[in-house]
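# Commentary on secondary and tertiary structure
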Amino acid sequence: MKHLLIINGAKREIKALQIAEILKHFEGLDPVIHYTTAPHEATTFLREYLTENKDEVTVYACGGDGTINEVVNGLIGFPQAIMAIFPIGTGNDFVKVYGGVAAYENPDDVIHGEIHKVDVSVLKGAEEGEIASINVINFGFDAVVGERGAIYASQGKKNPFDRAIPEAILKARRNKIEVYADGEKLNEKVMLLSCLAHGKYVGGKFCCAPKSDNEDGLMDVSVAHCMSLFSFMGLMKTYEVGKHLDDPKTAKRFSYRRAKEVRIVCKKRSAICVDGEMVHGTDMTATVIPGAIRLLCPKKKEPAAE
């Protein structure tokens with residue numbers, strides 16, 4: 001078995017101590033180390049590496065959700081690859097399915113973990129090209145926050161994503177986007193927000209898909225219908241803790257399905273957030289690939305004996 005570490009090259013010096021500590025646990029395993037040099041470079045590197053190297057290899061995504069997404073897109077179609085994660089990025093939503101960052105603190109628990117065959121979805125029709133998702137595809141209000149927040153961040157503004165929320169509340173509560181789950185139309189012309197999920201969390205704290213199971217061969221699809229500003233503000237806490245589909249007061253504001261394929265039809269060019277990566281389009285389709293990734297997960301700890 002070969003071992004390949006894909007390390008997000010941003011702020012490399014700051015991460016040096018974390019990487020050094022991780023590498024102590026690879027003694028005798030002779031890992032190959034690759035630091036990324038630009039956005040999406042990890043995907044290109046992995047496709048080239050796996051085309052040339054047919055031996056089984058564990059690829060470790062060392063970074064946040066963006067690095068994980070780049071690695072996933074590089075591994076699809078290469079059965080010799082196993083994926084693992086060292087969550088040392090700023091956004092670590094996906095690993096919350098497996099106990100969060102705390103479950104990954106001991107690198108040995110990852111290196112000698114358990115393999116799960118997990119689903120991904122592939123989104124086609126975006127201007128930026130085909131892209132796979134292992135966590136959440138989300139659009140509507142929160143995608144507008146993400147896109148505007150990124151612009152503010154690039155301008156050096158403080159608290160860029162918080163700054164984007166008022167703008168999104170005013171402009172993005174009636175998104176002209178229609179959602180079809182396995183051919184069934186889930187909303188009428190407008191919507192508030194929607195997520196297509198294998199994972200459970202977005203935005204660092206929001207449990208958008210509490211019922212999702214990334215080994216069932218389906219996406220969890222939810223669409224929040226348009227509502228008043230007062231109702232929307234009241235919804236946020238329930239949405240944050242993942243109770244919005246069970247609480248009768250909020251569940252009525254959602255359409256919820258499990259589906260193999262979802263079509264997204266936008267009245268005008270719209271932003272779609274794929275595991276934190278922004279893409280754009282007007283007519284896009286997400287399709288599940290069951291068990292597409294062999295994921296090495298930390299072993300669950302047995303409860304201590306009383």
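Above this text you will find the structure in question.
To start, this report covers the structure provided alongside it.

Reading guide: rules and limits
- Residues numbered from 1 in each chain as written.
- Predicted model: local features only at pLDDT ≥ 70, side-chain atom pairs only at ≥ 80, totals over all residues.
- Heavy atoms only, no water.
- Helix = DSSP H or I, 4+ residues; strand = E, 2+ residues; numbered from the N terminus.
- Contact = heavy atoms within 4.5 Å.
- Areas by Shrake-Rupley, 256 points an atom, 1.4 Å probe, with all protein chains shown as cover.
- Lys, Arg positive; Asp, Glu negative; His and termini not counted.
- Charge placed at Lys NZ, Arg CZ, Asp CG, Glu CD.
- Polar contact = N/O pair within 3.5 Å; in protein donor to acceptor, adjacent residues only side chain to side chain.
- Phe/Tyr/Trp six-rings, centres within 6.5 Å; stacked < 30°, edge-to-face > 60°.
- Lys NZ or Arg CZ within 6 Å of the ring centre and 35° of its normal.

With that settled, the discussion passes to the overall build of the chain. Counting its regular elements, the chain contains eight helices and 16 strands. In terms of its C-alpha atoms, the chain occupies a principal-axis envelope of roughly 60 × 50 × 40 Å. A separation of at least 24 residues holds for 73% of the contacts in the chain among residues at least 6 apart in sequence. Surface accessibility of the chain: about 14900 Å² in total, with carbon and sulfur atoms responsible for 52%. Side chains of the chain give 39 positive and 41 negative charges; the mean places of these two sets differ by 9 Å.

Attention now goes to the side chain of Thr36. Counting through the fold element by element, Thr36 comes out in the loop between β2 (32-35) and α2 (41-52). Within the structure, Thr36 has its side chain in polar contact with the backbone nitrogen of Gly9 (distance 2.9 Å). Those residues in contact with Thr36 that lie beyond four places of it in its chain are Ile6, Ile7, Asn8, Gly9, Glu41 and Ala42.

Applying the stated rule across the entire model yields eight aromatic pairs. An aromatic cluster is present here, built from Phe26, Tyr60 and Phe86 joined pairwise through their rings. The ring of Tyr35 carries Arg12 above its face, with NZ or CZ at 3.6 Å from the centroid. Of note, Arg148 hangs over the ring of Tyr152, and the distance from its end group to the ring centre comes to 5.3 Å.

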